[in-house]
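Here is what each chain is made of, one letter per residue.
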Amino acid sequence: MDVHNVDMVMSAVSASQYPTDGKPEIALVGRSNVGKSSLTNTLIQRKNFARTSSQPGKTQTLNFYNVEDKLYFVDVPGYGYAKVSKKQREEFGRMIEEYITSRKQLRGVVSLVDARHEPSDDDVSMYEWLHFYNIPILVVATKSDKISKGKFNKYESNIKRVLGFDSDDSDFQFFSSETKYGKDQVWQWIEAHM
Ligand SMILES: Nc1nc2c(ncn2[C@@H]2O[C@H](COP(=O)(O)OP(=O)(O)OP(=O)(O)O)[C@@H](O)[C@H]2O)c(=O)[nH]1
Ligand SMILES: [Mg+2]
C-alpha cells in the first residue's frame, strides 16, 4: 500500500476510548524496544510519526493510527520491560488483554521478535496466548540488518522452534526498519487480512 494519509486518531487505555467507526485493525505487539514504533513508521512512510526511542517503555497507551481511512494500526505498549513498576506492568497487561480478547475489528497481530536473539519467555507466552485466541499472527523478526542474509534460514528455524510456531495460522517475515527489508511482504500480509 502506498500510504499518503495518516492521522493518529487516538490513544486509549480502555475500551471506552477505542475508535467507533468499525475499520479493521492490525495490532503490533512485542518486547519493549524491539521496534514496534519503528515498524509502524516504516509501513506508513514517516520518519518519527510513531515516537521511537532508544529508551524502552516509550509507548504507554494503545495508539490507533488511521491509515488512509482504510484501517488502523494499533501500536501496543511493549512487554517485559523490567524498569516499569509492577503496578504499571499489570495495567499494561490488563489493557492489552482487554483489547486482544474483546476487539471484533482485530484482524491480526504482527508479533515482533528480535531477529538476533532467541525469543524470550515473554515472546513465547505472547505467541501461545494469541494462538489460543485463534488470532492470525505474523511473526516479524526485526533488526534483521544486524545479521547476515546467509544466516537467515538458521535464525528463522531457531525462532520458530522456540516459539512452537504453527504454520496453520502463522506466517513469518524478516524485517528491518533501517533498510526497509520485508516492508512489502508485511504490507501484503496486512492487506490479505483486512
Ligand atoms: N538496527 C535497527 N535498529 C532498529 C530497528 N528497529 C528499531 N530499531 C531501534 O531500536 C530502538 C527501539 O525502537 P522502537 O521502535 O522505539 O521500539 P518499540 O518496540 O516501539 O519500543 P517501546 O515503545 O518502548 O515498546 C530504537 O533505537 C530504534 O532506532 C531495525 O530494524 N534495525
Ligand atoms: Mg513504541
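Residues numbered from 1 in each chain as written. Chains lettered and ligands numbered in written order. Predicted model: local features only at pLDDT ≥ 70, side-chain atom pairs only at ≥ 80, totals over all residues. Heavy atoms only, no water.

- The name given to the chain in an unreviewed UniProt entry is Probable GTP-binding protein EngB, with Leuconostoc kimchii as the source organism.
- UniProt's Function (unreviewed entry) comment on the chain is quoted here verbatim: "Necessary for normal cell division and for the maintenance of normal septation."
- One UniProt comment on the chain, placed under Cofactor (unreviewed entry), says "Mg(2+)". (UniProt positions renumbered as here; feature names shortened; annotations may be inferred.)

A look at the overall build of the chain
Logical step 1: Along its length, the chain carries five helices and seven strands.
Logical step 2: Element order for the chain, N to C, with α for helix and β for strand: β-β-α-β-β-α-β-α-β-α-β-α.
Logical step 3: Over its C-alpha trace the chain gives a radius of gyration of 15 Å, about what one expects of a compact globule, namely 16 Å for 194 residues.
Logical step 4: Considering only C-alpha atoms, the chain reaches an extent of 45 × 40 × 35 Å along its principal axes.
Logical step 5: In the chain, which comprises 194 residues, the proportion classed as buried is 47%.
Logical step 6: At a minimum sequence separation of 6, the contacts of the chain that also span at least 24 residues come to 75%.
Logical step 7: Averaging the positions of the 26 positive and the 26 negative side-chain charges in the chain gives two centres separated by 6 Å. (Helix = DSSP H or I, 4+ residues; strand = E, 2+ residues; numbered from the N terminus. Rg over C-alpha atoms; globule rule 2.2 N^0.38 Å. Buried < 20%, exposed > 50% of the residue type's maximum accessible area, 1.4 Å probe, protein only. Contact = heavy atoms within 4.5 Å. Lys, Arg positive; Asp, Glu negative; His and termini not counted. Charge placed at Lys NZ, Arg CZ, Asp CG, Glu CD.)

Some points on the side chain of K23
Logical step 1: Structurally, K23 can be placed in the loop between β1 (6-12) and β2 (25-30).
Logical step 2: Accessibility expressed as a relative area gives 13% for K23, which makes it buried.
Logical step 3: Engagement of the side chain of K23 in a polar contact is seen with the side chain of D21, the distance being 2.9 Å.
Logical step 4: A polar side-chain atom of K23 sits 3.5 Å from a polar atom in the side chain of D69. (Polar contact = N/O pair within 3.5 Å; in protein donor to acceptor, adjacent residues only side chain to side chain.)

What to know about the pattern of salt bridges
Logical step 1: Applying the stated criterion to the full structure yields eight salt bridges.
Logical step 2: Of the charged contacts in the structure, one is a salt bridge between D21 and K23, with a shortest N-O distance of 2.9 Å.
Logical step 3: For the salt bridge of D114 with R116, the shortest nitrogen-to-oxygen distance reads 2.8 Å.
Logical step 4: What makes R116 partly exposed here is its relative accessible area of 29%.
Logical step 5: In this structure, a network of salt bridges that share partners links the residues D21, K23 and D69. (Salt bridge = Lys/Arg side-chain N within 4 Å of Asp/Glu carboxyl O.)

Observations regarding the nonpolar core
Taken as a class, soluble globular proteins show a tendency for nonpolar side chains to be buried jointly.
Logical step 1: Counting residues in each nonpolar core, the largest one holds 34 residues, and the members touching the most others are L62 and Y99.
Logical step 2: The element contributing the most residues to this core is helix α2 (residues 86-102), with five residues.
Logical step 3: Filtering out sequence-adjacent residues up to four positions away, L62 remains in contact with M10, S11, A12, Y18, V74, D75, V76, P77, M95 and Y99.
Logical step 4: By size, the runner-up hydrophobic cluster in this structure holds 21 residues, among which are V6, L39, V67 and W189. (Core = buried A, V, L, I, M, F, W, Y, C linked by side-chain atoms within 4.5 Å.)

A word on the pairing of strand β4 (residues 71-75)
Logical step 1: The element β4 is largely enclosed, with a buried count of five among its five residues.
Logical step 2: Burial of the side chains of β4 extends over both faces: L71, F73 and D75 are buried on one face and Y72 and V74 on the other.
Logical step 3: For β2 and β4, the ladder comprises four bridges, and the chain directions are parallel. From the neighbouring strand, E25 faces β4, where its bridge partner is Y72.
Logical step 4: In this sheet, β4 lies alongside strand β3 (residues 62-67) in antiparallel orientation, the contact comprising five bridges. Looking at β4, one finds that Y65 is bridged to F73. (Pairing = 2+ DSSP bridges.)

Quick look at helix α1 (residues 36-43)
Logical step 1: With seven of its eight residues buried, α1 lies for the most part within the structure.
Logical step 2: Where α1 is concerned, the buried positions are K36, S37, L39, T40, N41, T42 and L43.
Logical step 3: Buried residues belonging to α1 abut β2, β3, β4, β5 (106-114) and α5 (183-193).
Logical step 4: Of the residues trailing α1, Q45 is marked for its positive phi of about 55°.

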